[in-house]
Structure formats: C-alpha cells, structure tokens
Amino acid sequence: MQPTDVTDPEYFHKVVDCQWACPAHTPVPEYIRLIAQRRYADAFMLNWESNVFPGILGRTCDRPCEPACRRSRVEEKPVAICRLKRVAADYKGDVSARLPKGPFPRNGKRVALIGSGPASLTVARDLLPLGYTCVMFEKDPKAGGLMRTNIPSFRLPTDVLDEEVNRVLDMGVETRFGEAVTSLRALLGQGFDAVFIGTGAPRGKDLNLPGREEAAANIHIGTDFLKSVAFGHIDRIGRRVVVIGGGNTAMDCCRTALRLGAESVTVTVRSPRADMKASPWEIEDTEREGIPILDNHAPKRFVLENGRLVAVEFEKMRAEYEPNGRRRLIPTGEPPVVIPCDDVLMAIGQENAFPWIERDIGLEFDDKGLPIVDARTYQSTLPGVFFGGDAAWGPENIIWAVAHGHQAAISIDLWCRGEPLSNRPRPTTSLVSQKMGIHEWSYDNDVALTRRVPVPHADLDTALKSLKVEAELGYDDQLALKEAARCLNCDVQTVFTRDLCIECDGCVDICPVDAINFTQNAEETVLRERLRVPARNLEQDLYVSPPLKTGRVMVKDEDVCLHCGLCAERCPTGAWDMQKFTYGAAHATCSKVPAHVA
Amino acid sequence: MTHIAKPKFHHPALPVNALGLTRRDYEGVVSTLCAGCGHDSVTAAIIEACFELDLPAHRVAKVSGIGCSSKTTNYFLNRAHGFNSVHGRMPSVATGANLANRDLVYIGVSGDGDTASIGLGQFCHAIRRRLNMVYICENNGTYGLTKGQFSATNDKESKSRKGVDNLYQPIDLCTMAIELGAGFVARSFSGDKRQLVPLIKAAIRYRGFAFIDVISPCVTFNNHAASTKSYDWVREHNAALDSLDIVPARETIEADYAEGTSLDVDLHDGSRIRLHKLAADYDPTDRAAVLPELARRKARGEIPTGLLAIDLDQQEDLHDLIRSHPAPLNSLTQAELCPGSEALAKINAAHR
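For every chain, the first residue of the written sequence is number 1, and numbering continues from 1 onward in sequence order. The naming scheme follows written order: chains are lettered A onward, ligands numbered 1 onward. With the structure being a predicted model, the display of local features is reserved for residues of pLDDT at least 70 and the display and counting of side-chain atom pairs for 80 or more, all residues being used for whole-chain, interface and lining totals. The basis for the side-chain values is all heavy atoms of the structure; hydrogens and waters are excluded.

## Observations regarding the overall build of chain A
Regarding its fold elements, chain A presents 22 helices and 24 strands. Radius of gyration: over C-alpha atoms. The globule rule applied is 2.2 Å multiplied by the number of residues raised to the 0.38 power. Taken over the C-alpha trace, chain A has a radius of gyration of 26 Å; the compact-globule value for 598 residues is 25 Å, and the two agree within 12%. Dimensions of chain A, computed from C-alpha atoms along their principal axes, come out at roughly 90 × 65 × 45 Å. Exposure is judged per residue with a 1.4 Å probe applied to protein chains only, and the accessible area is read against the type maximum: over 50% gives exposed, under 20% gives buried, and values in between give partly exposed. Here chain A holds 598 residues, and the buried ones make up 59% of them. Strands are runs of DSSP state E lasting at least two residues, helices are runs of H or I lasting at least four, and both sets are numbered from the N terminus onward.

Below you can see the structure in the form of structure tokens.
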C-alpha cells in the first residue's frame, strides 16, 4: 500500500467516526470534553456553529453519530452523544453575548426562503451575517416547519423550539408567516437574487382500503393529526385508537393519543419488528408507556357498523428475504385479526408535494415528482433556485436538513457573488500535539469502563397526563459527567513519524486492541489479513507508514483504536504522538464568524 | 512509566486458545520500565508463548532476582505463582520450589547483572543440577537500574553512552551454559518475536534446564551508536542459525522439507520441535562442534541466534537424578510421608 497521506483533511476526519457520520460534521468529542469540564456554554456554541439547533437536536436527532460511535465496536453501547448535546443546551446559561447580532451591514442581495423548517432557518443563519436580506415565507402562523407541527411537545417542549427558532429569526429574518406561496412563477417575479425551497415533505400518505371513505370521520392522517394537536385544533380522541405504521411518526401518534385520553392504543406494523423504520429509542419509549406494537399485521379493511368505524381488520404476514436482500411480505393464511377501535391514525409515510411550482418555468422534476437537484450545489435545473431538507430528496431528518442548509447557503452566496458554484470553500483543519508532560496529555486518556448511563424519564403518571410534560428529564450534571467520560476522544489522533521510529515494538506490545503492526508491505487485501488481528472492518482505514529501516512498514488498523495514547507513552523516541485534529466543515460564514477555540 | 492502567477493552476478534482465554488474559500489571525497553517485548513474547501453549496461569511459577529484568515477572501472568527473590538468588528459590512442587512450569527471568555477576555461581549450579525450568536472561549489557555501568556481558569494544571504554572481557552466557551441560541453550533478540516466541514455547516444553539469552536493548543507557547491544547493531549483526516450529503431541507434521534442512526433536512430553536450519553447516545437537563454530562466528562479528544447542539424549531433570517422589509434596498424605514405627525402628537399629 502507498503510505497514508494524513495531510488529506478527510483521513483523520474519518477516524472521528461520530463527526464523520454527522451530516453537519459536528465536532462531537470536543463538545463532550467541554461538557465534562462543565463548559456548557462553550459546548453549546460549538454545536450551534455546526448544527444550529442543539436544544432541538439534543432531544430529537436521529443520531447517525451513535451507530457510528467507535465505542459500540469494543463495548455494547455507543456514547449517548445526542443526550449529551441536550445537556449543553440545558445548562448553557445566557449565551446571547456570544451570538452574532444584527443588524448586519447589507450587501443589497435579497433571498427568498420558502418554508421555515430547519433547512430554511440554517440558510438564513448562514446568510444574514453576510449582509443578505432573507425573506422567509411560511404558510403556518409560526416558524419551525415539521419541528413544530410533527414533533409532539412532550418530546420537544415548545419553549425549547421557540428559543432556537427565534435565535435565528432575531438575527433579522424578514418574515411572511401565515402566507402560503401559491405560485413560484409569481415569486420569481418579485426580483429575488436567489430562492431557497425548504418546504419539507408535508403530505402524509393515505391507504385506500375498503371502508376508508365511509369511515373518513374517524380516520386521520398521522402528520395532519399531529399538526392539529400542535396548534390546539384537536384536544381529544376516541376511547380505543389503532395506529397503522411503524415509523417515528407512528410512535409520536400513539403517544399523543395516549395523552389525549385514549384508554387503549395499539400500534400495528405490516413488517416484522426488526424492519420497523422507527428509531430503536422511540420504540423503547413507546413501549415504556405501555403501548403494544403488533408486527406482521397488514391492514385489510375498515369495519363499519351503522355507518360508524368500529374496528380494523388485519391479515397476518410473514417476511421472506430473497438472496438480493429484497423483502417480500406473504400472508400466513391465519384467520384475520380484528381490532376494535374508535379512531385510526395512519402514519405510513410522507411525500413531497409541489402543487405551487409551475411545471413550465424550467424547474424539472423526475418521474417520482421530486425536483432534480444537484447533489453538491443543491441547485435545481432553474439557476438561482435551490432546494434543501426533505423538499430536495424526500423525508430525512433535521440534521440532514441543517447540512443541506449549510451547503445551499454556500451555493447561494457564490451565486449572488457571480462565482462558479464549484468554487466551494474547503474545510478548516488543525492537528496539534496534546503532550503536556512525559506521560501527561491535555485530555483524559484513561478509558472509562462504565456502561451507557440511562436517561432519566418523568414518571409515567405525570407524563401521560399532559402533552406539555417532557417525557425525558435529561441528564443532570453528574450523570452527564459519567456519560461524557465514556467518550474515547477519537479526535485525538495517533500520529506516526517514520524517521523517529527505532522499531522497538513497544507500541505493539502495549496497544490494548492490537491495532499496531510492523510487517512487510503488501496490497491492501493481503495486508489486512496479515495483521495481528486481521482488519476485516473494511469501512475503517489502515494507516500505513513509509518503509522503515528494516524495510517493514508500520500498519495501524484504525478500527477499534481506543485513542488511549499508550503507544505514545510507550514510545521512547516520540515517533508516536497524540495530536488533536479539528475539522471545521465549511460554511458560507466561515470567514466571518470566528471558529470556536477550545 | 505510564500512569493509567491498560484499558480492559480488547479487540473483539482477538483469538482465544483451548482454555477460552485471549492473549490479554495472560497479562500482568502495566510495566514501569522505560518506554521502549526491550524487556517489555520479552514480556510480550512470554505472554504469547503461554497463550499459544494453552497454559493455565495457576500452573506456572514465576521467579526472579533483582534488576530491571527481574521486575518484569509482575508484568505477565498475574494469576500465576511468583517469587521475586534476593539479587542473584533466583536459581536457589526456583530449586526449592521445584523440589516441593515438580508439577508447575517454572519461568525464571533474570538479567545480565543478576546472572553474570552476583548470581553467576547460582546460575552455574542450577545448570549442573538440571533444574527443570526456563531461565531467561534479559541481556542488555548494562546496569540500567543504577544508571548505566557496564555489566559483565558487555562486549569489550562496546563503549558507554558517554564514550567511556569498557576494560573487561565479556562473559558469553550461552557458551558457558553449553560448556556446563545445559540441555537447551538458545539466544534471541527482543525485537524478533517470530524467533523468540517459538524458542520460549520449546523451552517450556523441554524437560531439564532450558536457557534463553535474549539480547534486550536498554533504550536509556545502551542504545547508542557505540553500543553492540543496541537495536540497530543487533539487527545488523543478527545471524539466525535456525527457526523452530512447535508441534503439539498427537499432531503429525504435514509440511515437507528438503533433506538435511530440517531436524525433528522429540520432546519428553510427546510434543516435537521441528527445527529449520538456516545455516546448513550448524548442528545444535552436536555439542562438540557447536562451541568452536560459535567462536568462529563471533570472531566474524556475527551474533548467532536461534537454538544453539540441544541435548536429545538426556532429557532428564533433578528429580530423575535424585529419584524424588513423583508427586508434588503438597499432594502427599500422612501415610506416604510417615513411614511408620517399624521403619523408624529399622533406622534406629542401623545406628546402634
């Protein structure tokens, strides 16, 4: 193999599994260390710079970082990254003095932002300090998009939502709320320099089964139901409720129904439980509240008596998997299952809807009805019109919308300055030794063996009484400290200097996870098998040195490195050093807003 | 030294041996030696050898004297028995322990000071007694714990770190051991575990006195350009005479080697060493020939390593020589220990 080029900003970035997996590339280990030092405001600012909504995401993020967490490769469970983020937001105190404050000197450019969800808000936050006039259109009376309408307040309290949304709006967004955009053509005629469309995937899917029309009064689309609850239009529901669907919306629907006074709520899912789309922790929370989840139940018809919905009939299914992984659901032939109910909530997915975009203005759509959007620049086929969030490629989650917003803001800025959209700013990186003494480091390199700390919940009696009681209490400072100690500090990199190595094997012997090898070089597939423990996790790179004096090379399997620094402590010559790698994803504002200095 | 404990986490795919243990289960506490010390690699090699031989740690006794080397018994097999004895007196303690319980595996770790100076007599007589043990000398040519004076094994031409000449001739522990009739004599290098681990395994399996002289550089005092026990010097002058495979009992050897290039050595316990000759003219079983050959190679500036000498005919130990009871003393009952009044009367009668 060729020697590893550690000057490539993405090499060490990839070693920081959580940051690499985060669409917004939030510097996770750094903010976890700040939390451990009780520097909550600093931890919050670091988050705010990269993901804009630490308090919201700390409660609702889909956490792509956690399955990626290296800890889960040496132990059962990853670090509770998401809930630590919430700690930063909960305990930050007053950070207003540290936020960029408008009014900013205007650059004369006007940008229309359609929709007020996380994508649009991110674009606004990134563009306002550069002097753009951001005009935000929202059909609802308040900003927040699906964060407000689809996430129940017992998961995301309204005051947390308002605080984070207003933090952006208060930077000087021009708001046109309660005003639906009905024609893109008309909007384009208003002379905006650029348009960003972040209208989400607002339309809940329906299921046309026998009885659907007749029972319409008691069958509700999940997303519409949640929105009506959020705006106070619905405050009660039938005694017995059946929820159809196995995603996070279904979990939110059933828990909301319980809080609206339903006596029995049943979730039914077509597929086997293992294939459910809902996040494992959402399923866990649902079951904690005593709601049964019946898998392999495919709805067949709505049963009516005297013109009124009385039950749903299901067919029992089983899954078969073809060799290519494709799943087929096959009826088992068992007698149908009839579940009596008064109301049905249908949460079987969402889709995009753009009835307000004329199809003859040069903005092309694919055969699924999705706009054709460039994956790098987020520009549509109509120059100057950009997409992001769920509106671009269908339903994802908040953190993706934020990442899209950052990229779209970069594009909009380039577009308005007349620069090619390919001229994108590079990430900023640094790599600094953490050595403080002979065997002292600026980080706590003693690997904690503690198991994941469960997040305390409000007791069920209180929680189920009201939509306003937050179900999760979050960590207090002590629990947060305990959980923070589990972080392996993957951003503190093991950096190897060939010319200093005397090949004493000290690092090989001390490495607790047998990651370090000195061996003859070979092509990657051969080399991976030649190591002390074969490197079979192909998603993780090998760090290969140039040839050493003996002709061998140093090969380190990055896979389960604990970043404990023992290689560097055992190295007599300093050939190994622990160096903190920072990676700042590029933002439109990166040259204007100073990067966080820890 | 390192201030933190080595994390308990290990690689999820770490192999396990017949006892269901990983290599990590054979570790001791974290070493307090200087970073880069060769001794830590010897420790790692002992761990690897015990792991590969499926040794239960509680059937092993670690013995040592005084010195950097002698500290290392604390760094491996923390579930084993251990005795850290007086300077140079490890062979006596090992002899006593072995007489009391012949069923344990005895691993002695010593250094060039502990063996070639204060303990030289003890070393010689342990060899003469054919004590069934593995005696590893971690040889760095210097007194590291007392800040780098020359030891008795330092080559005459090897200067101190500050350029001071060495006045005295070195003791070659291997040729001395061969001369004294040690059954198994090997030399290796801490930086070459591929050679060292099989040697330690063979030494553990060998019945009788098995000596391994491991050149183990002292990074602090004797790893400089004018030293003959530095990493670089040993790598440049290392001349491996052979390499070993250890074949457990009941397993047949499949590989086929050209005539005259390999040699099978049957061990007392039914296992077998397969020796691959790297130097065609060197035969470790020919005791009369090895000493002059080693002298010739030394004169050429080589450091001959590998299995230097092995006695195939007399794989017997102290217990065979003195015809002691075949069972460990702690397993004997009163009936076996007390011969009874009739026997006492007989003995008394012999003195009348």
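## Brief notes about the pairing of strand 14 (residues 343-346) of chain A
Residue and element names in this part refer to chain A. Neither face of strand 14 is open: one carries Asp-343 and Leu-345, the other Val-344 and Met-346, and all of them are buried. Bridge count between strand 6 (residues 219-221) and strand 14: 3 bridges; the pairing is parallel. Across the sheet, the residue bridging to His-220 is Leu-345, located in strand 14. A pair of strands is labelled paired if DSSP reports no fewer than 2 bridges between them.

## Regarding the environment of Glu-358 of chain A
All names here are of chain A. Mapped onto the fold, Glu-358 is located in the loop between strand 15 (350-351) and strand 16 (385-387). Sequence separation between Glu-358 and Gly-172 is 186 residues, and the spatial gap between their C-alpha atoms is 30 Å. Discounting chain neighbours no more than four positions away, the residues touching Glu-358 are Ser-183, Leu-184 and Arg-185. Here a polar contact means two N or O atoms within 3.5 Å. Within protein one must be a hydrogen donor candidate and the other an acceptor candidate, and residues neighboring in sequence count only if both atoms are side-chain atoms. Of note is the side chain of Glu-358, whose polar atom sits 2.6 Å from the side chain of Ser-183. Of note is the side chain of Glu-358, whose polar atom sits 3.3 Å from the backbone nitrogen of Leu-184. For this analysis, residues touch if any pair of their heavy atoms sits within 4.5 Å.

## A short note on the pattern of salt bridges
Here a salt bridge means any side-chain nitrogen of Lys or Arg lying within 4 Å of a carboxyl oxygen belonging to Asp or Glu. The full count for this structure, using the stated rule, is 81 salt bridges over all chains. Close ionic contact of Glu-163 of chain A with Lys-92 of chain A constitutes a salt bridge, the shortest N to O distance being 2.8 Å. Linking Glu-163 of chain A in helix 11 (residues 158-169) with Lys-92 of chain A in the loop between helix 8 (81-90) and strand 1 (110-114), this pair joins segments that are 71 residues apart in sequence. For Glu-163 of chain A, a relative accessible area of 35% gives the class partly exposed. Among the ionic pairs, Arg-297 of chain B bridges to Asp-281 of chain B, the shortest N-O distance being 3.4 Å. With a gap of 16 residues between them, Arg-297 of chain B in helix 9 (residues 287-299) and Asp-281 of chain B in the loop between strand 12 (272-277) and helix 9 connect regions that are remote in the sequence. Residue Asp-281 of chain B is classed as exposed on the basis of its relative accessible area, which comes to 57%. Three or more residues joined by partner-sharing salt bridges are found here, namely Arg-71, Glu-75, Glu-76, Arg-451, Glu-483 and Arg-486 of chain A.

## What to know about the packing of aromatic side chains
Residue and element names in this part refer to chain A. Note on aromatic contacts: the rings of Phe and Tyr and the six-membered ring of Trp form a pair at centre separations within 6.5 Å, being stacked when their planes are under 30 degrees apart, edge-to-face when over 60 apart, and tilted otherwise. Using the criterion set out here, one finds 21 aromatic pairs over all chains in the structure. Taken together, a centroid distance of 5.3 Å and an interplanar angle of 70 degrees make the contact between Tyr-378 and Trp-393 edge-to-face. Within this pair, whereas Tyr-378 is found in the loop between strand 15 and strand 16, its partner Trp-393 is found in helix 16 (residues 390-393), the two being separated by 15 residues in sequence. Classification of Tyr-378 by relative accessible area gives buried; the value is 9%.

## Concerning the side chain of Glu-289 of chain A
All names here are of chain A. Inspection of the secondary structure puts Glu-289 in the loop between helix 15 (280-288) and strand 9 (293-294). Residue class for Glu-289 comes out buried when judged on its relative accessible area of 8%. A polar atom in the side chain of Glu-289 sits 2.9 Å from the side chain of Arg-255. What Glu-289 contacts, discounting residues up to four positions off in sequence, is Arg-255, Leu-258, Arg-259, Leu-460, Leu-464 and Ala-471.

## Structural notes on the interface of chain B and chain A
Often the size quoted for an interface is simply the accessible area lost on bringing the parts together. The interface is formed by 30 residues belonging to chain B together with 34 residues belonging to chain A. Three residues, Ile-4, Phe-9 and His-11 of chain B, lead the burial of chain B against chain A; their summed loss comes to 26% of the area buried on that side. If you look at where chain B meets chain A, you find 5 salt bridges. Here Asp-40 of chain B ties to Arg-570 of chain A by a salt bridge, and the two come within 3.2 Å at their closest N and O atoms. In this structure, the connection of chain B to chain A is made through 13 residue pairs in polar contact (both at pLDDT 80 or more). Put simply, the parts of the chain that give the side of chain B that touches chain A at least two residues each are helix 1 (38-52) and helix 8 (231-237) of chain B. Under the grouping applied here, Gly and all other residues not named as nonpolar or charged are polar, the nonpolar ones being Ala, Val, Leu, Ile, Met, Phe, Trp, Tyr, Cys and Pro and the charged ones Asp, Glu, Lys and Arg. Classifying every residue of the side of chain B that touches chain A by side-chain character gives 13 nonpolar, 9 polar and 8 charged. Accessible-area loss on putting two parts together, using a 1.4 Å probe and summing over both, is the definition of buried area adopted here.

## A short note on the sheet that holds strand 12 of chain B
Residue and element names in this part refer to chain B. Spatially, 3 strands are ordered 10-12-11 in an open sheet, and the strand pairing comes out antiparallel. Two strands in the sheet have a free side with no partner beyond their single neighbour: strand 10 (242-247) and strand 11 (262-266). This sheet shows a mean twist of 20 degrees between the axes of neighbouring strands, independent of strand direction. Relative to strand 12, strand 11 runs antiparallel, the two sharing 5 bridges. Within the sheet, the bridge partner assigned to Asp-266 lies in strand 12 and is Arg-272. Set on the sheet, helix 7 (residues 193-205) makes contact with strand 10 and strand 12; between it and strand 10 the angle comes to about 50 degrees. Helix axes are fitted only over the stretch in contact, all axes being lines through C-alpha atoms; the angle between N-to-C directions runs from 0 to 180 degrees.

## Quick notes on the packing of helix 3 (residues 28-36) of chain A against helix 4 (residues 40-51) of chain A
Residues and elements named next belong to chain A. In the contact formed by helix 3 and helix 4, the axes pass within 7 Å of each other and the chain directions differ by 165 degrees. In terms of orientation, helix 3 lies roughly antiparallel with respect to helix 4. Seen from above, helix 3 lies across helix 4 with left-handed handedness. Across the interface between the two elements, Glu-30, Tyr-31, Leu-34 and Ile-35 from helix 3 touch Tyr-40, Asp-42, Ala-43, Leu-46 and Asn-47 from helix 4. Put simply, angles under 35 degrees are roughly parallel, angles over 145 are roughly antiparallel, angles from 65 to 115 are roughly perpendicular, and the rest are oblique. We call a crossing left-handed when the near helix sits turned anticlockwise from the far one by less than a right angle, and right-handed when that turn is clockwise.

## Brief notes about the nonpolar core
Residues and elements named next belong to chain A. Grouped together as the largest cluster of nonpolar side chains are 78 residues, with contacts concentrated most on Leu-127, Leu-184, Ile-197, Ile-357 and Phe-387. Top contributing element to this core by residue count: helix 17 (residues 398-416), with 10 residues. Contacts of Ile-357, omitting those with residues within four sequence positions, involve Leu-184, Ile-197, Leu-363, Phe-365 and Phe-387. Counting 62 residues, the second-largest nonpolar core is a separate cluster that includes Ala-88, Ile-510, Cys-511 and Trp-576. Buried residues of nine kinds, namely Ala, Val, Leu, Ile, Met, Phe, Trp, Tyr and Cys, make up a nonpolar core once their side-chain atoms join them within 4.5 Å.

## So, the sheet that holds strand 4 (residues 133-139) of chain B
Residues and elements named next belong to chain B. The strand order across the open sheet built from 8 strands is 2-1-3-4-8-7-13-9, with neighbouring strands paired in mixed fashion. In this open sheet, the two edge strands, each paired with only one partner strand, are strand 2 (81-84) and strand 9 (238-240). Averaged over neighbouring strand pairs, the angle between their axes works out to 20 degrees when direction is ignored. Relative to strand 13 (residues 303-310), strand 7 (residues 184-189) runs antiparallel, the two being bridged by 4 bridges. Paired with Phe-184 across the strands is Ile-310, a residue of strand 13. Along the sheet, helix 3 (residues 90-100) contacts strand 1 (60-64), strand 2, strand 3 (105-111) and strand 4; its crossing angle with strand 3, the most-contacted strand, is approximately 175 degrees.

## Quick look at the state of the cysteines
Disulfides are defined in this document as cysteine sulfur pairs within 2.5 Å. Across all of its chains, the model carries 0 disulfides over all chains by this definition. Cys-507 of chain A takes part in no disulfide bond, and the closest cysteine sulfur to it belongs to Cys-504 of chain A, at a distance of 6.4 Å. We classify Cys-507 of chain A as buried; its relative accessible area is 7%. The closest cysteine sulfur to the non-disulfide-bonded Cys-34 of chain B is located on Cys-218 of chain B, 6.2 Å from its own sulfur.

## Overview of unusual backbone geometry
Residue and element names in this part refer to chain A. With omega at -5 degrees, the peptide bond leading from Gly-102 into Pro-103 counts as cis. With respect to the helices and strands, the residue Pro-103 is situated in the loop between helix 8 and strand 1. The phi angle at Asp-505 is positive, at roughly 75 degrees, despite the residue not being glycine. Topologically, Asp-505 is positioned in the loop between strand 20 (492-496) and helix 20 (506-510). Take Asp-505: its relative accessible area is 8%, and that puts it in the buried class.

## Notes on helix 9 (residues 118-127) of chain A
When you tally the buried positions in helix 9 of chain A, you get 10 out of 10 residues, the bulk of the element. Taken together, the buried positions of helix 9 of chain A are Pro-118, Ala-119, Ser-120, Leu-121, Thr-122, Val-123, Ala-124, Arg-125, Asp-126 and Leu-127 of chain A.

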